[in-house]
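Tertiary structure, described
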There are 2 protein chains.
Amino acid sequence: MELNKKQLAAQGYRLTKPRQEIFAVLKHKPQSVADIFEQLQQKKLKIDKVTVYRTLENFVKLNLVAETQFKDGISVYELADHEHHHHVLCENCGRIEDICLDENLLMKAVKKSSSFLIKSHRLEFFGLCQKCC
Amino acid sequence: MELNKKQLAAQGYRLTKPRQEIFAVLKHKPQSVADIFEQLQQKKLKIDKVTVYRTLENFVKLNLVAETQFKDGISVYELADHEHHHHVLCENCGRIEDICLDENLLMKAVKKSSSFLIKSHRLEFFGLCQKCC
DNA sequence: ATATTATTGCAAATCAGTTGCAATAAGTCA
DNA sequence: TGACTTATTGCAACTGATTTGCAATAATAT
């Protein structure tokens, strides 16, 4: 997936250097703001952390990026080019694995037993990756 | 469930006024630190917010209280007198409903499709409660 | 090229949560 | 009970993540 001018312009956004760079960094893997910022610095790019926050906020609004919160309350961002899926987080090294599940049965069960109108859910797994086992 | 001296003493903890009050507040419903602190103030109790944090940390260690993180990264605490269960959070008013699910199938599926050693998981639902529908 | 306005970077503010430390109070034992 | 030991509390100051205000900058439209 590429970040292109039309796509942004359609919603009144502009295609800028920081946006392109942040998008590029996200291509590698899901990352936190701190991770992204660090990568930008390693690339010798002088992009402010505030810009990273604002850019991610916009990307999420545009459905270009998905935000996930893990245990410690820190958000991890990833390109929204996959289907709906979940994550397994390594409690030791922080590695993240994507995981796809059929949740139909689960969702049916929930809708049956809850009095709420369910609109979304979050499901994350925690454990140890192969290297850290 | 009551907070009692023996239970605490067994682990080297003491039964104090703040602990009793915080425990009492938690009896009503699951709440965040801010909620709990506000309730204590309404009761005209001069208990510091730091004490709330520390007390909850201890209660969690003692398995008296369970901590859950919702979307915004703010923890909600509730008495751990239930079995393992999940929550449905009203996106409008913040009301929380408990929900029990059979996750065996789900867990089996995950263990099969992931290379990680799964140790725990988090599953929360979001939607609208009856009043807010 | 110029005008318009979204975007950026900086500094300062905010907000949740943590830490150090001296004062206080709970439990213990004579 | 009263003195002793040590957990606990409250305050103040600190941290780390995120947000906000604003002037300078840069992307698009004319």
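This one's a predicted model, so the numbers in the text were calculated from it and none came from an experiment.

Describing the environment of N92 of chain A
All names here are of chain A. Within the fold, N92 resides in the loop between strand 4 (86–90) and strand 5 (96–99). The spatial distance from the C-alpha of N92 to the C-alpha of F126 is 9.8 Å, given a sequence separation of 34 residues. When near neighbours in sequence (up to four residues on either side) are disregarded, N92 contacts L128 and C132.

Some words on the sheet that holds strand 2 (residues 65–69) of chain B
All names here are of chain B. Taken together, three strands build an open sheet; the order of strands is 1-3-2 and the sheet is antiparallel. Looking along the sheet, the strands with just one partner apiece sit at the ends: strand 1 (31–32) and strand 2. Where strand 2 meets strand 3 (residues 75–79), five bridges bridge the pair, whose relative direction is antiparallel. Among the inter-strand pairings, A66 is bridged to a residue of strand 3, identified as E78.

What to know about the nonpolar core
Considering soluble globular proteins, one finds that nonpolar side chains tend to be buried as a cluster. If you look at the biggest cluster of nonpolar residues, it comprises 26 residues, and the most contacted ones within it are I118 and F125 of chain A together with L101, I118 and F125 of chain B. When contributions to this core are tallied by element, the ones reaching two or more residues are strand 4, helix 5 (104–113) and strand 6 (117–128) of chain A together with strand 4 (86–90), helix 5 (104–113) and strand 6 (117–128) of chain B. If we skip the residues at most four places from it in the chain, I118 of chain B touches V88, F125, F126 and G127 of chain A together with M107, V110 and K111 of chain B.

Brief notes about the protein's contact with DNA strand C
Taken together, 18 residues are adjacent to DNA strand C, and R14, T16, R19 and T51 of chain A together with Y53 of chain B come closest. Atoms of DNA strand C within 4 Å of the protein: sugar and phosphate make up 67%, bases the balance. One of the side-chain nitrogen or oxygen atoms of R14 of chain B is found 2.9 Å away from a base nitrogen of DNA strand C. L15 of chain B places a polar main-chain atom, nitrogen or oxygen, 3.0 Å from a phosphate oxygen of DNA strand C. When residues of the surface near DNA strand C are traced back to their parent elements, those giving at least two are helix 2 (17–28) and helix 4 (49–61) of chain A together with helix 4 (49–61) of chain B.

Considering the interface of chain B and chain A
Each partner contributes residues to the interface: chain B has 38 residues there, and chain A has 38 residues. Both sides of the chain B and chain A interface together cover about 3,200 Å² of buried area, and 62% of this is carbon and sulfur. Counting residues per element, the ones that place at least two in the side of chain B that touches chain A are strand 4, strand 5 (96–99), helix 5 and strand 6 of chain B. In terms of residues, the side of chain B that touches chain A owes the most to one element, strand 6 of chain B, which gives twelve residues. Taken together, the residues of the side of chain B that touches chain A break down into 21 nonpolar, nine polar and eight charged.

Notes on the relation of the copies chain B and chain A
For the pair chain B and chain A, the superposition axis carries a translation of 0.0 Å, the fit reaches an RMSD of 0.3 Å, and the rotation angle comes to 178 degrees. Read as a symmetry element, the transformation amounts to a two-fold axis. Both copies share a contact surface, since 100% of the interface residues of chain B are interface residues in chain A too.

Examining helix 4 of chain A
Residue and element names in this part refer to chain A. With 13 residues, helix 4 ought to run about 18 Å at 1.5 Å a step, and its terminal C-alpha atoms sit 19 Å apart, in line with that. Among the residues making up helix 4, those that are buried are V52, T55, L56, N58 and F59. Taken down its axis, helix 4 places every buried residue within 160 degrees of arc, on the same side. Turned more than 90 degrees off the buried face of helix 4, the exposed positions are R54 and K61. In this fold, the buried residues of helix 4 make contact with helix 2, helix 3 (33–42), strand 2 (65–69) and strand 3 (75–79). In this structure D48 caps helix 4, since a side-chain oxygen of it lies 2.8 Å from the backbone nitrogen of V50. One or two residues past the end of helix 4 sits N63, with phi positive at roughly 60 degrees.

Scoring rules and cut-offs
Residues numbered from 1 in each chain as written. Chains lettered and ligands numbered in written order. Predicted model: local features only at pLDDT ≥ 70, side-chain atom pairs only at ≥ 80, totals over all residues. Heavy atoms only, no water. Helix = DSSP H or I, 4+ residues; strand = E, 2+ residues; numbered from the N terminus. Contact = heavy atoms within 4.5 Å. Pairing = 2+ DSSP bridges. Core = buried A, V, L, I, M, F, W, Y, C linked by side-chain atoms within 4.5 Å. Buried < 20%, exposed > 50% of the residue type's maximum accessible area, 1.4 Å probe, protein only. Near = heavy atom within 4 Å. Polar contact = N/O pair within 3.5 Å; in protein donor to acceptor, adjacent residues only side chain to side chain. Buried area = accessible area lost by both parts, 1.4 Å probe. Nonpolar A, V, L, I, M, F, W, Y, C, P; charged D, E, K, R; others polar. Least-squares fit on C-alpha atoms with pLDDT ≥ 70 in both. Expected span 1.5 Å × (residues − 1). Arc of directions from axis to C-beta.

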